Amino acid sequence: MKYRIEKSRKNKKYQWSILFLFLLIIITFSVIFLKYDIREIFECIQEVNYLWLGLGILMIFLYIYFEGVAMRQIFKTMEIQTTRRSNFMYSAIDYYFCAVTPSASGGQPMVAYYMSKDGLSLSHISLTLLMNTALFKIILLVLSIICICICPQYVFDFPIMTILFFIGLAINLILISMCFLAAFKRNWIQAVGIRLILFLARHRIIKKKIQIIRRFVNLMEKYEQGAHLIFKHKFHFLKALLYNLLQRISFFSISYFVYLAFKDRFVIADLTYLDLFSIQVLIALCVDSLPLPGGVGISEYLYALLFGLVYCVGEVNVIGSAMLLTRAVNFYIPLILTFLLVLIKHVKILKKSSKGVV
């Protein structure tokens, strides 16, 4: 009975998150179509080079594929063999639920659910997801620091970018530092964490302090186990780190392919791959820690802001079309595709359940 109540609460949470996402999308598109001429937007979109757009969409499949093989490498450190196909599906599930929940909070729980349905143990699942997320964050942080050193104008020329960049940088630095301290100096973090939980409970800010402390201690154990695995299987983790890097490069290359699709047909700014790559990296860091599903709304705003440097030259102004196409390729299209994959996976599980397999 308790399990059913918790499951019902989780389902309602995801339903509200999806509803909130669609509300954000409606508001965002309403603002876009009020600001830009709809007819001009679609006329521009019809004229672009679709070959480059196709390559941009291919980057999404590579993004999902590389996350899958990164998780597979981490599973190997625990002597667990998983297929590339199943890991591709887990990565697609992660993408979809991260996209529809605030601060990407729904990805890991849902991936864990589907992994458990495939017979993987919860301890191995949680450790794999934990280590993969840490590697994912590290790559984003490193790329962001490199990009702001090479192209600082994309941050410091715009006050909102400057504020959001340093907020995102601070949050990611804190999270990654805590991960490393938890892995290598567990006693320090555990002592501070328990004191903080007790302080919050004493001031009635949180409830169920015993449960929270148990979960916190369990999390610390996972990080410590992860540290031991890294030392024991350095080669596998280096490969997982490389796959995470390739995953991020695939995603952050999308804006460049959209740029080429426009450059073939319109007179726009002459920029390099590094410029377009940096724009997408820096925007990703800015929206990474904001509690918005898929960064909808703020992402479009920041894209339109920075794309003014790219797609507004003289009398040519195709910012609206470029921003819509970029977000379509790097968010809306993969959202639909991953939803279909999640649906297929769920139907398979329901069929197994009806046969008494699960």
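Look up: the structure comes first, before these words.
An account of the accompanying structure is given in this report.

Thresholds applied
Residues numbered from 1 in each chain as written. Predicted model: local features only at pLDDT ≥ 70, side-chain atom pairs only at ≥ 80, totals over all residues. Heavy atoms only, no water. Patch = residues over 30% accessible without salt bridge, like charges linked within 9 Å, V, L, I, M, F, W, Y side chains within 5 Å. Areas by Shrake-Rupley, 256 points an atom, 1.4 Å probe, with all protein chains shown as cover. Salt bridge = Lys/Arg side-chain N within 4 Å of Asp/Glu carboxyl O. Lys, Arg positive; Asp, Glu negative; His and termini not counted. Charge placed at Lys NZ, Arg CZ, Asp CG, Glu CD. Helix = DSSP H or I, 4+ residues; strand = E, 2+ residues; numbered from the N terminus. Buried < 20%, exposed > 50% of the residue type's maximum accessible area, 1.4 Å probe, protein only. Phe/Tyr/Trp six-rings, centres within 6.5 Å; stacked < 30°, edge-to-face > 60°. Lys NZ or Arg CZ within 6 Å of the ring centre and 35° of its normal. Core = buried A, V, L, I, M, F, W, Y, C linked by side-chain atoms within 4.5 Å. Contact = heavy atoms within 4.5 Å. Disulfide = S-S within 2.5 Å.

Together, Arg85, Lys348, Lys351 and Lys352 make up a positively charged patch on the protein surface. Here the element with the most residues in the positive patch is helix H15 (residues 319-354); it accounts for three residues. Summarising the element assignment, Lys352 is placed in helix H15. Its relative accessible area of 38% is what places Lys352 among the partly exposed residues.

Tallied over the entire structure, the rule returns two salt bridges. Here Lys345 ties to Asp118 by a salt bridge, and the two come within 2.8 Å at their closest N and O atoms. Highlighted residues: Lys345 in helix H15 and Asp118 in the loop between helix H5 (107-117) and helix H6 (122-150), separated in sequence by 227 residues. On the basis of relative accessible area, Lys345 is assigned to the buried category, the value being 11%. Across the pair Asp270 and Lys263 runs a salt bridge whose closest N-O atoms are separated by 3.6 Å. For Asp270, a relative accessible area of 66% corresponds to the exposed category.

So, on to the packing of aromatic side chains. Per the counting criterion, the structure on display carries 18 aromatic pairs. The structure contains a cluster of three or more aromatic residues connected by ring pairs, namely Trp52, Tyr63, Tyr95, Phe251, Phe252, Tyr256, Phe257, Tyr259, Tyr273 and Phe277. Against the face of Phe136 rests Arg248, its NZ or CZ located 3.4 Å from the ring centre.

Within the largest apolar cluster, 95 residues are counted, with the highest numbers of intra-cluster contacts made by Met115, Met161, Tyr259, Phe262, Phe307 and Tyr311. Sort the elements by how many residues they give to this core and H6 lands first, with 12 residues. Setting aside anything within four residues of it in sequence, one finds Tyr259 in contact with Ile268, Ala269, Asp270, Leu271, Leu276, Val310 and Tyr311.

Next up on the list: a nonpolar patch on the surface. Together, Leu51, Leu55, Leu58, Phe61, Ile333, Ile336, Leu337, Phe339, Leu340, Leu343 and Val347 line one region of the surface with nonpolar side chains, adding up to about 910 Å² of accessible area. Mapped by element, the contributors of at least two residues to the nonpolar patch are helix H3 (50-77) and H15. Ranked by the residues each element gives to the nonpolar patch, the list is headed by H15, at seven residues. When you line up the elements, Val347 lands in helix H15.

Under the criterion given, the structure shown has zero disulfides. Cys151 carries a free sulfur, and the closest cysteine sulfur to it, the one in Cys147, is 6.6 Å from it.

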